[in-house]
Amino acid sequence: MDKILVLDFGGQYNQLIARRVRALNVYAEILPYTTEISEIKKNNYKGIIFTGGPNSVFDTSSPHYSKDILELGVPVLGICYGCQLMAWLLGGEVRTAPVSEYGKITLVKDKNSILLEDVKSESTVWMSHTDYVSKVPKGFDITAHTENCPCAVFENPENRLYSLQFHPEVTHTEFGNTIISNFVKKICLCSSEWQMDNFVESKISEIRKLVGDKKVILGLSGGVDSSVAAAIISRAIGKQLTCVFVDHGLMRKGEGDFVEKTFSQLFDMNFVRINCGEHFLNQLKGITDPEEKRKCISREFYNTFWNEIREIAGGNAYFAQGTIYPDRIESGHGATDGKAGSAVIKTHHNMGKIPSDVNFLGIIEPLKDLFKDEVRIVGEQLNIPKDLVWRQPFPGPGLGVRIIGEITAEKVRLLQDADYILRDEMFKNGYEKQLSQFFCVYTGSKAVGVMGDHRTYENVIAIRAVTTDDFMTADWAKIPYDILTTVSNRITNEVRGINRIVYDITSKPPATVEWE
Ligand code: XMP
């Protein structure tokens, strides 16, 4: 099978590059820049992509790679930092740009090139750089520029080396997919052999063979990933699987019951639900800092979960998780070994180390090489209910990252009720599938209002809704005014304690999707 290597120099969008390649049905894997060249040679990659990264090539402590990699005869595409590195390694000039470019910029094509085939003569690209290539290496041609970046795309087709200062992997780049496809299909000549069809059957037999008559324990959150992992393992070994669901009380309204019902009724497995909402609230008392809250939820989740697992594991079981490929990279370890790992922007609690006193026969992560959309395809192949497979993402810390300030039972109730109304209206109007994610936020602000003849001073709720392909960048969603009006009227009428609704009109970046 043809494979592309994405060599990781530490940028935030790196996993997207691999995902875009896989969307072309070509397998791509990410390795850290510290990987030995002998290792790279062994794998017979059909092409190599240097990722972006936050550093400057002229800083000696920045991630570098030996020039030898450009002489393997394998096509290389440099992106952003990777583009500067390629130029720098081959004797081009890299400088701090007189004007940093950030955001959507117009790219102007100067020459025809295979890499830019089917890209319009002027198109929008996503830039994010302070250094730039001021002079391309000998033997290279400039094929496109922007107003402030003279060498935005350059290439040496004879040696099959190509560079882009912008990010083709980000959806804001109009012809990003075309450019990646040109590189993978027309320059690296990869054929589309990476298919999902055989994945499920081969995973099921792999799990059966590995597990034999032993047990498997899986932490289930009710989200897409752990649900699909549970389904695939349940299909393989039935009741030998025990799923443990920690209900921290910060789920959406009615969600804990939905998860319990779905898994105990639809799948062949043992299902354990731990109700510990009160305990979490006690632990969260007085905490207002967003990272502290995340850490507290993560710690308590970890302790609750492992105290339960410790009891049932008994040293004679495998441990399974719904880890997917982006988790490994976003957590700053896994595929990148933490060496050039992307900076951790928020503490994710999905990945935790197994406590040293809990012994397992091994770890099973059936989805660890898949991206979210690939996981959904697997879910559909396993006949998991569509509602679950296409569920919006819900953060591990739950409503904890949607309540600004201290978390209390009353605030959770207010938020759950308001959020339920939003979801209800979106569902009724057929909007739940059109948007990537929508929810309410308890803003922690109070506002003056009037009800009848009385002045009120009550809570402000925000509506957050986004459209995105990848959650790395997102646009705020334009929900029609009449739906917003109904939602606002219903929340203020039906949920006592809320007298004002605001709409979040910020994209990511500069905001994040969640408020904390
Ligand atoms: P942000 O707020 O980082 O969110 O722009 C991007 C996506 O990630 C989800 N999210 C999380 N998911 N654990 C998770 O499993 C977390 O700690 C977490 N924080 C954010 C968020 O809901 C959005 O879909």
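Nothing here was measured: the structure is a model prediction, and the numbers come from that model. (Residues numbered from 1 in each chain as written. Predicted model: local features only at pLDDT ≥ 70, side-chain atom pairs only at ≥ 80, totals over all residues. Heavy atoms only, no water.)

## Structural notes on the overall build of the protein chain
Secondary structure assignment for the protein chain yields 14 helices and 18 strands. For 516 residues, the compact-globule estimate of 2.2 N^0.38 gives 24 Å, and the C-alpha radius of gyration of the protein chain, at 25 Å, lies within 12% of that figure. Here the C-alpha coordinates of the protein chain stretch approximately 75 × 65 × 40 Å along the principal axes. The buried share of the protein chain, taken over its 516 residues, is 55%. For the protein chain, restricting intrachain contacts to residue pairs at least 6 apart in sequence, the fraction spanning at least 24 positions comes to 75%. Entry remark: accessible area of the protein chain is about 22300 Å², with carbon and sulfur atoms responsible for 48%. Of the side chains in the protein chain, 58 bear a positive and 66 a negative charge, and the two mean positions are spaced by 2 Å. (Helix = DSSP H or I, 4+ residues; strand = E, 2+ residues; numbered from the N terminus. Rg over C-alpha atoms; globule rule 2.2 N^0.38 Å. Buried < 20%, exposed > 50% of the residue type's maximum accessible area, 1.4 Å probe, protein only. Contact = heavy atoms within 4.5 Å. Areas by Shrake-Rupley, 256 points an atom, 1.4 Å probe, with all protein chains shown as cover. Lys, Arg positive; Asp, Glu negative; His and termini not counted. Charge placed at Lys NZ, Arg CZ, Asp CG, Glu CD.)

## Some details on the pairing of strand β1 (residues 3–8)
Burial within β1 is extensive, with six of its six residues counted as buried. Alternating positions in β1 separate into two faces, K3, L5 and L7 on one and I4, V6 and D8 on the other, with burial throughout. You can see the chain leave β1, run along helix α1 (residues 14–22) and come back into strand β2 (residues 27–32), and the turn it takes is right-handed. In the sheet, β1 pairs with strand β3 (residues 47–50) via four bridges, with the strands oriented parallel. Directly across from I4, in β3, lies its bridge partner G47. (Right-handed = clockwise from strand over helix to strand, strands pointing away. Pairing = 2+ DSSP bridges.)

## Some remarks on the sheet that holds strand β5 (residues 93–109)
Pairing in this open sheet of nine strands is mixed, and the strands run β2-β1-β3-β4-β9-β8-β7-β5-β6 from one edge to the other. The two strands at the open ends of the sheet, each matched to only one other strand, are β2 and β6 (122–135). Averaged over all pairs of adjacent strands, the angle between their axes in this sheet comes to 20 degrees, without regard to strand direction. Most of the contacts of α1 go to β2, to which it runs at about 160 degrees, and overall it touches β1, β2, β3 and β4 (76–79). Together, β3, β4, β5, β6, β8 (153–156) and β9 (161–164) form the strand contacts of helix α3 (residues 81–89), whose direction differs from that of β4 by roughly 120 degrees. (Axes fitted to C-alpha atoms, helices over the stretch in contact; angles between N-to-C directions.)

## Focus: unusual backbone geometry
Here the residue pair K508 and P509 is connected by a cis peptide bond, since its omega of -15 degrees sits within 30 degrees of zero. With respect to the helices and strands, the residue P509 is situated in the segment after β18 (498–503). For R160, which is not glycine, the phi torsion reads 60 degrees and is therefore positive. When you line up the elements, R160 lands in the loop between β8 and β9. Looking at R160, the relative accessible area reads 30%, which means it is partly exposed. For L189, which is not glycine, the phi torsion reads 60 degrees and is therefore positive.

## Quick notes on the pattern of salt bridges
For the coordinates displayed, the defined rule picks out 33 salt bridges. Residues K239 and D268 are paired through a salt bridge, measuring 2.9 Å at the closest nitrogen-oxygen approach. Placement of K239 in the loop between α6 (224–237) and β11 (241–247) and of D268 in the loop between α7 (255–266) and β12 (270–275) is noted, with a sequence separation of 29 residues between them. Between K368 and D369 there is a salt bridge whose closest N-O contact spans 3.8 Å. Take K368: its relative accessible area is 31%, and that puts it in the partly exposed class. By relative accessible area, which is 26% here, D369 ends up partly exposed. When salt bridges with common partners are traced through the structure, they connect D424, E425, K428, R490 and E494 into a single cluster. (Salt bridge = Lys/Arg side-chain N within 4 Å of Asp/Glu carboxyl O.)

## Here we look at the sheet that holds strand β10 (residues 215–219)
Reading across the sheet, the five strands line up as β12-β11-β10-β13-β14 and stay open at both edges, with parallel pairing between neighbours. Both outer strands of the open sheet, β12 and β14 (363–364), are each paired with one neighbouring strand and no more. In this structure, strand β13 (residues 317–320) lies alongside β14, joined through two bridges in parallel fashion. Across the sheet, the residue bridging to F319 is I363, located in β14. Relative to the sheet, α7 contacts β11 and β12, its axis offset from that of β12 by approximately 165 degrees. Against the sheet, helix α9 (residues 290–313) engages β10, β11, β12 and β13, with an angle of about 155 degrees to β11.

## Looking at the pairing of strand β16 (residues 454–467)
Look at any regular strand and the pattern is simple: side chains alternate between the two faces of the sheet. Alignment of strand β15 (residues 437–451) against β16, held across 12 bridges, turns out to be antiparallel. Each residue of the ladder has a partner; that of A447, found in β16, is E458. Connecting β15 to the next strand, β16, in antiparallel fashion are two residues, including G452 with a positive phi near 60 degrees. Strand direction decides the pairing type here: β16 and β18, joined by five bridges, are parallel. Counterpart to A462 in the pairing with β18 is V502. For β16 and strand β17 (residues 475–476), the ladder comprises two bridges, and the chain directions are antiparallel. Residue pairing in the sheet places V466 in a bridge with W476 of β17.

## Thoughts on the nonpolar core
In terms of nonpolar packing, the biggest core is built from 47 residues, with I309, F360 and I491 touching the most fellow members. Counting residues domain by domain, this core receives three or more from each of domain 2 (199–389) and domain 3 (402–503). Those residues in contact with F360 that sit more than four places away from it in its chain are I217, W306, I309, A313, A317, Y318, F319 and I354. With 41 residues, the next largest nonpolar core counts A229, I233, A320 and I324 among its residues. (Core = buried A, V, L, I, M, F, W, Y, C linked by side-chain atoms within 4.5 Å. Domains from an automatic or database assignment.)

## What to know about the confidence of the model for the protein chain
Across the protein chain, pLDDT averages 91, with 95% of residues at or above 70. In the model, residues 332–351 has pLDDT below 50 throughout and makes 51 contacts with residues more than four positions away in sequence or in other chains. (pLDDT = per-residue confidence, 0-100.)

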